[in-house]
Amino acid sequence: MSNLRILGLVIGIIGFLVTFLVYRGPKWKRSNFVLFSLFSLGLIIITINPNVVNFLRDALSLQEHQYGRLIALLIISNIFLLFFSFYTKSKVENIRLQFDRLVRNMGTRDLEKNVEVGEKIKPIMIVIPAYNEAENLREILPKIPKEIGGIEVGVLVSDDGSDDNTAEVVRQYGHVVVSNRINLIK
């Protein structure tokens, strides 16, 4: 048995044992358990009897090459890793979207609890996105007209988790502010 096969066998056995130790109890997830178990079991089987991958070698027409089985395994593993990376990226993106919805929902929930908001909503609303803009808002908010062409004007500032007192400045001038607890753009 070559050193590469011995190393593969050791890694397969360790992987199989770690799978049973890590993915039982509170960390149990069936998909992770099955994935890691199959990977470890496949590695053990291939290192004990490399001829089981001859069908891959033959399907890829690599039987005439000296390292045909190894090349076939590398091709298949790269295809698997490509699909696994796409799967992981989609999972991470899904979690990011859920987190974004949570943060935005928390900001709007605070706004809904504020009884005075209904009085501050006007036919014309100026929406100002802000992040650490307390100083600029102190200058801009007093300059916004109360009405345009006889129609009342209101201001809504969307505070994206500012570290300064942006939300307090907006409230000080009597306008509506929706605040995210954390910055979503950074």
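Only a predicted model underlies this, so the values are computations on that prediction, with no experimental measurement involved.

*Asks:* What exactly am I supposed to notice about the overall build of the protein chain here?
*Replies:* Scanning the protein chain for helices and strands turns up seven helices and four strands. Against the compact-globule benchmark of 16 Å for 186 residues, the protein chain has a radius of gyration of 30 Å, which places it well outside the compact range. Burial analysis of the protein chain (186 residues in total) assigns 26% to the buried set. Put simply, of all contacts in the protein chain between residues at least 6 apart along the chain, 58% involve residues at least 24 apart. Surface accessibility of the protein chain: about 13300 Å² in total, with carbon and sulfur atoms responsible for 63%. In the protein chain, 22 side chains carry a positive charge and 18 a negative one; their mean positions are 14 Å apart.

*Asks:* Got a minute to help me understand the nonpolar core in this structure?
*Replies:* Soluble globular proteins tend to pack their nonpolar side chains together in the buried interior. Among the nonpolar cores identified, the biggest contains 13 residues, and I128, L137, L141, I144, V155, V157 and V170 are the most heavily contacted of them. Elements with a contribution of two residues or more to this core: β1 (124-130), α6 (134-140), β3 (151-160) and α7 (166-172). Other than its neighbours up to four places away in sequence, I128 contacts L137, L141, I144, V155, L156, V157 and S158.

*Asks:* Explain the packing of helix α1 (residues 3-22) against helix α2 (residues 30-48) here, please?
*Replies:* A pair of packed helices is characterised by two quantities: the angle between their axes and the separation of those axes. At their nearest, the axes of α1 and α2 sit 8 Å apart, and the two run at 155° to each other. One way to sum up the angle between α1 and α2 is to call them roughly antiparallel. In the packing of α1 onto α2, the handedness of the crossing is left-handed. Side by side, α1 and α2 meet where R5, G8, L9, I11, G12, I13, G15, F16, T19 and F20 of the first sit next to F33, F36, S37, S40, L41, L43, I44, T47 and I48 of the second. The class makeup of the residues in the contact of α1 with α2 is eleven nonpolar, seven polar and one charged.

*Asks:* Explain the confidence of the model for the protein chain here, please?
*Replies:* Per-residue confidence for the protein chain gives a mean pLDDT of 86, with 94% of residues at or over 70. Put simply, helix α5 (residues 117-120) is where the protein chain has its lowest mean pLDDT, 75, and α6 is where it has its highest, 93.

*Asks:* Help me understand the packing of aromatic side chains, please; the structure alone is not making it clear to me.
*Replies:* A ring pair, where both rings are aromatic, is described by two values, the distance of the centres and the angle of the planes. For the structure shown, the criterion picks out three aromatic pairs. Between F80 and F84, the ring centres sit 6.1 Å apart and the planes meet at 15°, which makes this aromatic pair stacked. Placement of both F80 and F84 in helix α4 (residues 68-113) is noted, with a separation of four residues, approximately one turn of the helix. Given the relative accessible area of 35%, F84 is considered partly exposed. Aromatic rings pair up to connect F16, F20 and F33 into one cluster.

Definitions and limits used
Residues numbered from 1 in each chain as written. Predicted model: local features only at pLDDT ≥ 70, side-chain atom pairs only at ≥ 80, totals over all residues. Heavy atoms only, no water. Helix = DSSP H or I, 4+ residues; strand = E, 2+ residues; numbered from the N terminus. Rg over C-alpha atoms; globule rule 2.2 N^0.38 Å. Buried < 20%, exposed > 50% of the residue type's maximum accessible area, 1.4 Å probe, protein only. Contact = heavy atoms within 4.5 Å. Areas by Shrake-Rupley, 256 points an atom, 1.4 Å probe, with all protein chains shown as cover. Lys, Arg positive; Asp, Glu negative; His and termini not counted. Charge placed at Lys NZ, Arg CZ, Asp CG, Glu CD. Core = buried A, V, L, I, M, F, W, Y, C linked by side-chain atoms within 4.5 Å. Axes fitted to C-alpha atoms, helices over the stretch in contact; angles between N-to-C directions. Parallel < 35°, antiparallel > 145°, perpendicular 65-115°, else oblique. Left-handed = near helix turned anticlockwise from the far one by under 90°. Nonpolar A, V, L, I, M, F, W, Y, C, P; charged D, E, K, R; others polar. pLDDT = per-residue confidence, 0-100. Phe/Tyr/Trp six-rings, centres within 6.5 Å; stacked < 30°, edge-to-face > 60°.

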